[in-house]
Amino acid sequence: MSTTPAARPSATPGNTLPREHYLNATYGIRSWLLTTDHKRIALLYLVSVTFFFFIGGAFATMIRIHLLTPNGYLVTAETYNKLFTMHGVAMIFFFLIPSIPAVLGNFLIPLMIGAKDLAFPKINLLSWYIYLVGGSFVLYSFSTGGLDTGWTFYTPLSSVYSNSAVTPAVIGVFINGFSSILTGLNFIVTIHTMRAPGMTWFRLPLFVWAHYATSIIFILGTPVIAITLLLAGLERMLHLGFFNPALGGDPILFQHLFWFYSHPAVYIMILPAMGVISEIIPTFARKPIFGYTFIAGSSIAIAVIGFFVWAHHMFLTGESAYAALTFSLLSYLVAIPSAVKVFNWTSTLYKGSISWDTPMLYALGFIGLFLVGGLTGLFLACLGLDIHIHDTYFVVAHFHYIMVGGAVMGYVGGLHFWWPKITGRLYPEFLARIAAVTLFIGFNLTFFPQFILGYLGMPRRYHSYPPEFQVFNVMSTAGASILALGYLLPMVYLIWSMRYGTVAGRNPWPATGLEWQTDSPPLTENFDVTPEVTWEAYDFINRPDLGLDVQGAPSLAPAHGDD
Amino acid sequence: MHRTGELFGQFETMEQQRESASLGMWVFLSTEVLFFGGMFMTYTLNRSTYPDVFGEASRSISLTLGAVNTIVLIASSLTMAMSVWASQVGKKQLLTIFLILTLILGSVFLGIKGVEYHEKFVEHHVPGLNFSFEPGASVATNAHAQLFFSLYFAMTGLHALHMIVGAGLLIWLIGQSLKGRFTPEYSTPVDLIGLYWHFVDIVWIFLFPLLYLIDRH
Amino acid sequence: MSEHHIVSPKIYIAIFVALMVCTLLTVYAATVDLNQYFSGLNIIVALAIATLKASLVVLFFMHGKYSPKRTQLVIVCSVFWLAIMLFMTMSDYITRLWS
């Protein structure tokens, strides 16, 4: 038996926005460019990461158009190398890694823990400026000869032989690393020291746990890629020999150092999205999340174990068989905490009171697509199989399922879920559902054929392919155009809603987090009185303030406190 | 701009502010461990691949200057720790004196480093600047020795850069200390910059044996 | 620091003396061929002494001994993560010769 969904108490037309909130507290460009308000900084990031999403998307468009025909008449091979490289660099370093943490994390973490701001607001602003400086170097590289080394910058191509603008790109990514590091530092300290009274570790929203785990990776992983790129850059500029075999150096060392960060980096990209899903699912199943402690623990487990698996990117480089075996085994191990999450989300849905709002559509899409992406990762972790599918489109499909089907859907779903809190207004639900479905269909049409292409042997990073692969490439490009529509639609109606959307009120869904107790949009200092937390996370039963009709609802599981 | 010693708006209590600042500095230092760590990794692999040339190259840098620098830097850690103590017990003049001593010792370290670098420059041991390990060295030996010196300059150079930043911080700290800004209730900048300074000392504690003491027998 | 624990100058000076002794010891040990007894003994001794020195600095000069548990966790984690990078990377190179 499921409860009837209650009417949303505060989302009735005729409500007005709060008189004073963080958006209108101060005016003028300086009040934005010199702000230390975590909410405004989050919006600054929103604009910047969207910009880089367009840049990365433009390169993706050119790639897919070029691949419509087997002999690729759009660009030369050299230019094609630049297209996929710049697509990767823009998307990974300047969109995926910052997106959820810097936009949603920055906005929500202080609100979720009952604090007035992050621990170090000025460092938060500095993070954004560092991001811009790094981005500028990379854009300079893109526009003065481009970059053709692959986003992986393998040596000695990047450090010796490439004729593209490697040095500014490497400087840009190096600088951008510090933006990540400072964000991670801010989150860790904030979560440790600034929780409101009563907000114990195990009452924290799982979004916060996810960002804590992500911040561990920011702190311990990013410095390694920073120093690695610094050494590669020095090698290129001064003709040193760290990674150049002609001078006694070791290109495999570069790969070890590079992947030591870049593998955990993929967990930076997915953990925050998992945090978003953990917030959306209980809300739209109107049920406490199943297995809170396991989800929290699995986030930390993913962050830790994720540092032990990097050389699965190097199975075909000549690394030792024993190392390969170890890394393969550990890679299987790291899938377990992810599976735990999927089980728990699904169990939360079971006997829940499910509503099909847009954020829920994204969350459900995430679960399915992440499942496919994650399982195909296990295919790649299998040594024998990897010999055949390494560096093919199978890998490309695998990581796009996780990064786009997973992380981007988590990001877009999260934007929708918290849009009322950020702007005070609701987005148009019908259009939003259409966009979500469009995105899902477009995504699968783009990337599922790529699994088949990879299995059939089409290599990645090649500008041409045998004619028998054309039909799948055409399907993929067709899918990409639908996917693009799925991205453009939200951009249009979200911006529209900032002016014309229905006023949302404090808690339109309703959801149980502390952030939903504040005004929409919140005051600059978030809370007029420091809250005192006396309830468990996702406790839909003991919260009469949510206005939910949960009396006599035996199907609702008890709140977390009984785990 | 907040004056030192006031409660920042995002914090509820001075205690929370202090705890946050301290944790923040320790987390930052952990990033530095991994940052330098990447170079220690590069060093480890290259030394294990070319042990003999690395030993030879190590012998060509001055053990005396390296050892003296080690003593100087550890002494500066002592004076830095003493300045933290002085701030905790409210001895403002001693605080300033110890900070100045730390700065002097740090500058001595950098001066000696400059002398060492100059020596290497004169001997053509600077990669990228007419590098030549020794007359008659084979191409391979030259290349492998250049690897040692690339690491030598990269690692001690990054370390020296951190020392220079530390010196700048000390100058600021001395200025604040002369204005009497630090009391037993509030000495957070002294504590934090102290942590940073000790960390830079620890990096050198590892650099010294790894670069100077490879094969001295 | 939150612990307001004041370490006395006597301890600082004692630690300093210990650090000086260790420095002289490590220089001396480098001049003795320890590798004849056990391959790689020189580097093991050098690193052991350096680790001891670093530990003294962390525990006493940096007040690690008197710091809250979460600070100690940060210290342990950074060392552990560095160890992961060093050991697992070297495990590739070392085990290449096994087959």
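Quick caveat: nothing in here was measured; it's all calculated off a predicted structure.

Bringing the overall build of chain A into the picture now. In terms of regular secondary structure, chain A is built from 15 helices and 0 strands. Against the compact-globule benchmark of 24 Å for 563 residues, chain A has a radius of gyration of 23 Å, which places it among compact chains. Taking the principal axes of its C-alpha atoms as reference, chain A extends roughly 70 × 50 × 45 Å. Considering only residue pairs separated by 6 or more positions, chain A has 83% of its internal contacts joining residues 24 or more positions apart.

Moving on, we come to the domain arrangement of chain C. Along its sequence, chain C is carved into domain 1 (1-66) and domain 2 (68-99). The distance between the C-alpha centroids of domain 1 of chain C and domain 2 of chain C comes to 21 Å.

A separate point is the packing of helix 8 (residues 251-285) of chain A against helix 9 (residues 292-305) of chain A. Residues and elements named next belong to chain A. Between helix 8 and helix 9, the least distance of the axes is 11 Å, while the angle of their chain directions is 175°. Compared by their axis directions, helix 8 and helix 9 come out roughly antiparallel. Only Ile295, Ser299, Ile302 and Ala303 of helix 9 make contact with helix 8, whose side of the interface consists of Tyr267, Leu271 and Ser278. Of the residues belonging to the contact of helix 8 with helix 9, the class tally is 5 nonpolar, 2 polar and no charged.

Counting residues at the interface gives 13 residues for chain A and 12 residues for chain C. Among the secondary structure elements, those contributing two or more residues to the side of chain A that touches chain C are helix 7 (206-238), helix 8 and helix 10 (321-349) of chain A. Per-element tally for the side of chain A that touches chain C: the top contributor is helix 10 of chain A, with 3 residues. The class makeup of the residues in the side of chain A that touches chain C is 9 nonpolar, 3 polar and 1 charged.

This part takes up the interface of chain C and chain B. Each side of the interface is counted separately: chain C has 35 residues, and chain B has 36 residues. Looking at the side of chain C that touches chain B, the elements with two or more residues in it are helix 1 (9-31), helix 2 (41-61) and helix 3 (69-95) of chain C. In terms of residue class, the side of chain C that touches chain B is made up of 25 nonpolar, 7 polar and 3 charged.

Turning our attention to unusual backbone geometry. Residues and elements named next belong to chain A. Geometrically, the link from Thr155 to Pro156 is a cis peptide bond, its omega value of -5° lying close to zero. On the secondary structure map, Pro156 appears in the loop between helix 4 (121-143) and helix 5 (157-161). A cis amide bond, omega -10°, links Trp509 with the succeeding residue Pro510. Checked against the element boundaries, Pro510 lands in the segment after helix 15 (470-500). Phi at His239 takes a positive value of approximately 55°, unusual for a residue other than glycine. Among the structural elements, His239 can be located in the loop between helix 7 and helix 8. Judged by C-beta crowding, with 16 C-beta atoms within 10 Å, His239 ranks as partly exposed. Positive phi is not limited to glycine here, since Asp391 has a value of about 60°.

Residues and elements named next belong to chain A. Position of Pro264 among the secondary structure elements: in helix 8. Along the chain, Pro264 and Thr222 lie 42 residues apart, while their C-alpha atoms are 9.1 Å from each other. In this structure, Pro264 is in contact with Ile217, Gly221, Gly306 and Phe307, ignoring residues within four places of it in sequence.

On to helix 13 (residues 393-423) of chain A, then. The sharpest bend along helix 13 of chain A comes to roughly 45°, located at A:Phe417, with the proline A:Pro420 sitting one to four residues further on. Across the 31 residues of helix 13 of chain A, 30 count as buried, placing the element largely inside the fold.

For helix 11 (residues 358-381) of chain A, which comprises 24 residues, the first-to-last C-alpha distance of 34 Å matches the rise-based estimate of 34 Å (1.5 Å per residue) to within 8%. In terms of burial, helix 11 of chain A is a largely internal element, 17 of the 24 residues being buried.

Okay, the confidence of the model for chain C next. Confidence in the prediction for chain C averages 93 pLDDT; 95% of positions are at 70 or higher. Across the interface, the model reports ipTM at 0.95; the global pTM reads 0.95.

Conventions adopted
Residues numbered from 1 in each chain as written. Chains lettered and ligands numbered in written order. Predicted model: local features only at pLDDT ≥ 70, side-chain atom pairs only at ≥ 80, totals over all residues. Helix = DSSP H or I, 4+ residues; strand = E, 2+ residues; numbered from the N terminus. Rg over C-alpha atoms; globule rule 2.2 N^0.38 Å. Contact = placed C-beta atoms within 7 Å. Domains from an automatic or database assignment. Axes fitted to C-alpha atoms, helices over the stretch in contact; angles between N-to-C directions. Parallel < 35°, antiparallel > 145°, perpendicular 65-115°, else oblique. Nonpolar A, V, L, I, M, F, W, Y, C, P; charged D, E, K, R; others polar. Buried ≥ 20, exposed ≤ 12 C-beta atoms within 10 Å, placed from the backbone. Bend = angle between axes of the 7 residues up to and from the residue. Expected span 1.5 Å × (residues − 1). pLDDT = per-residue confidence, 0-100.

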